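Observations on the three-dimensional arrangement
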Amino acid sequence: MSDYQLKMAFIMPTMILLILMNIFPLLWSLYLSFHRYKASMPAAPRFIGVRNYSRLLADPEIWGYFQTTAYFVILAVAAQFFIGFGLALLLNRDFRYKGFVTTLLLLPMMLSPVVVGLFWRFILSSDNAGLLNFFLSPFLKSPIGWTTNPKVAMLAVVIVDTWMWSPFMMLIALAGLSAVPKSLYEAADVDRASAWFKFREITLPLVSPLLLIALLFRTMDAFKMFDIVYVLTREGGPGTATETVSMNLYKLAFRNYNTGKACAMAYILLIIIVALSNIYVKYLNRVKGEAQET
Amino acid sequence: MGSRKNFVHYLILAFVAIAVIVYITPIYWILATSLKRLSDITTRLPKFVFDISLENYQKLMPPEGVADVTYLFLGEVLVGLLLFGFFSLFNVRLPRALSLRNLGLIWNSVFVLTCLYSFLSLPPMQSRLQTDARFNFLLLIVCTIIAYLLIAPWRKTGGLTSQTLKKQRLTFVLPSIFGTVAICAVLANGGSKYFYQLLNSIIIGGGSTILAVGLGTLAAYAFSRFDIAGKDDLLFFILSTRMLPPVVVVIPIYLMYSALGLRDTHFGLILLYTTFNVSFAVWLMKGFIDEIPKEYEDAALVDGYSRFQTFLKVILPQSVTGIAATAVFCLITAWNEFAFALVLTEVGGRAVTAPPSITSATGSTGMDWGKIAAGTFVFLLPVAVFTFLMRSHLLRGVTFGAVKK
């Protein structure tokens, strides 16, 4: 077998699988997005041009869901960033059982969001034996209805997502912190630099590329958020207080079976995600290149 | 000065301890709730002191009681772990006739025989799900035997290096792993819905992991070693398929599977999860293969190996760690996956995995949190174990192999 044949034999199965299971269905949904079609009805798709798109873009409710999503992304990613980076700063020293402690902290991010998210509903509950309300009870007059009060429901989702994913930030920040050469700090000590100066001038610049990767990754992931909202606040409730774009898309496609419109919505989402992931991969390659040079 | 530094050090450690408590409390609470009686769960304030009871776990078991073979398997799982621990901790000299290798052979044969015995002694089939469970059990036995033939160390006896010793000790763990799966299979056959779904999760996760890692390793080797036109674009394309929101992808897949009759089938989900994981496997494996020096291959090529032989005999053995790490990550992803399983299976259906079923327990009135907690804990346990085993590769795994330490 020549090298060329081997190369093809090795790559082609993966490519064919991805084309069959990703590209082909996406093309089909592109076709459907220009049609009126309900998957629950026997009627064939009827061509209606860009009307699905124009209706969606003119619908103020859709922008409301985008707003909800943006609100969630900003709150959750910011919280994860600060908590995760803070934890990494705390952990960036030698102590006994460090590996064990770090892994314990990393546990939440490996667990199934939907299964753990469901149980969080019990922890956050306000009527029977809610653990969080119990711990907060010295500071509160009455228990907070985390998942039933529209005003705080989003906060509940943010809390659960932060519990799950701040370890992710911590892991990456810790990798960045441990790669900072000790000699830099020693040199700064000789010059009697303050702790704040060392943090600002040495730690931050050297860790920021990795932190940015983590931020981008989390932003994209949070943007797609579906699982936790599905179980924690019962499909984006109360009302539409926590209905993210993904959740709305799910309802459109599998509750109302408005397939044509859902396909159009999916494409709007797709364009945003592809743009985001483009930035992400470009950046990933750059950091990789820098890492190889040093 | 020194004492002040010490004080700061301990203060920080105290903060770390608080953080660990905060992060672990929800997981502990799952365990605690699963061990409580119903009357201890539905109190107004959470109860921290309670009588331990196993009634929630009993709710997950088959309604007609647990078959005796389950305990047989449980015993084998424990004995396997004990043997492994014993031989790893103590350097025991065994008589020649009963070498570690022969002992492993005997132990694994016993396990395979138990599997066959328990398969033959299964209760008569009543429902369709039980027929499916039986088929899955048979599949498990076949897979076990194939796995033994492929990875069993007794095929080669290359002297008593520490490497072969390590491999021989590992044979004691194999029955423990397969035995755990067999327990799920026996309980599913007994009529336990929950273990039927766990078995589905294992089959779908395992099948898709084997396919994804296999395909991914091949593609990663090609991307790592050959010049490919538009390599960066292709790699970006592969990664971007993973970045798509599941809800977006699942709409056309749903239509496609409905047309092809693949909905609520094991094959359909395995195919989808393979697609989902293969991009991840390619990126992660490329990182691992990039690290193997090219000189190894060049030397093998000079010795007259073909490219393919080089791949089999040089690259694959060198990347065993990478393959294992990638496989565990694919397994965890498939195990935890929710959106695809929710749309493409039906609750109570044939191929439904554990996550949609655990979450569909949402009743209109009160929820049985004890039962949910028990199911959740059983579901989380393997992931937690794998997380600890994989802890040195976690960083790589979550960043698609971009960040290495």
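Cut-offs applied
Residues numbered from 1 in each chain as written. Chains lettered and ligands numbered in written order. Predicted model: local features only at pLDDT ≥ 70, side-chain atom pairs only at ≥ 80, totals over all residues. Heavy atoms only, no water. Axes fitted to C-alpha atoms, helices over the stretch in contact; angles between N-to-C directions. Helix = DSSP H or I, 4+ residues; strand = E, 2+ residues; numbered from the N terminus. Left-handed = near helix turned anticlockwise from the far one by under 90°. Contact = heavy atoms within 4.5 Å. Nonpolar A, V, L, I, M, F, W, Y, C, P; charged D, E, K, R; others polar. Domains from an automatic or database assignment. Buried area = accessible area lost by both parts, 1.4 Å probe. Polar contact = N/O pair within 3.5 Å; in protein donor to acceptor, adjacent residues only side chain to side chain. Salt bridge = Lys/Arg side-chain N within 4 Å of Asp/Glu carboxyl O.

Turning our eyes to something else, we now look at the packing of helix α5 (residues 113-124) of chain A against helix α18 (residues 369-389) of chain B. Between two packed helices, the angle of one axis relative to the other and the distance separating the axes together describe the packing. Running from N to C, α5(A) and α18(B) point in directions that differ by 150°, and their axes come no closer than 10 Å. For the pair α5(A) and α18(B), the crossing hand works out as left-handed. Here V115(A), V116(A), L118(A), F119(A), R121(A) and F122(A) of α5(A) come into contact with α18(B), specifically with W369(B), I372(B), A373(B), T376(B), F379(B) and L380(B). Broken down by class, the residue content of the contact of α5(A) with α18(B) amounts to 10 nonpolar, one polar and one charged.

With that settled, consider the domain arrangement of chain B. All names here are of chain B. We note that the domain assignment places domain 1 (2-34), domain 2 (65-191) and domain 3 (204-405) within chain B. Taken over C-alpha atoms, the centre of domain 1 sits 33 Å from the centre of domain 3. In this assembly, four residues from domain 1 lie in contact with seven residues from domain 3. Buried surface at the junction of domain 1 and domain 3, both sides included, amounts to about 450 Å², of which 90% is carbon and sulfur. For domain 1, the biggest contributors to the area lost against domain 3 are I30, T33 and S34; these three give 73% of the whole. Along the contact surface separating domain 1 from domain 3 lie zero residue pairs in polar contact (both at pLDDT 80 or more). The residue inventory of the side of domain 1 that touches domain 3, partitioned by class, reads two nonpolar, two polar and no charged.

Another aspect to go through is the interface of chain B and chain A. Each partner contributes residues to the interface: chain B has 93 residues there, and chain A has 96 residues. Counting the surface chain B buries against chain A, the share from its top three residues, Y23(B), M243(B) and W369(B), is 9%. Counting every contact that joins chain B to chain A gives one salt bridge. Viewed at the interface, chain A and chain B are joined by seven residue pairs in polar contact (both at pLDDT 80 or more). Element by element, the count of residues in the side of chain B that touches chain A is highest for helix α1 (residues 2-34) of chain B, at 16 residues. Broken down by class, the residue content of the side of chain B that touches chain A amounts to 74 nonpolar, 13 polar and six charged.

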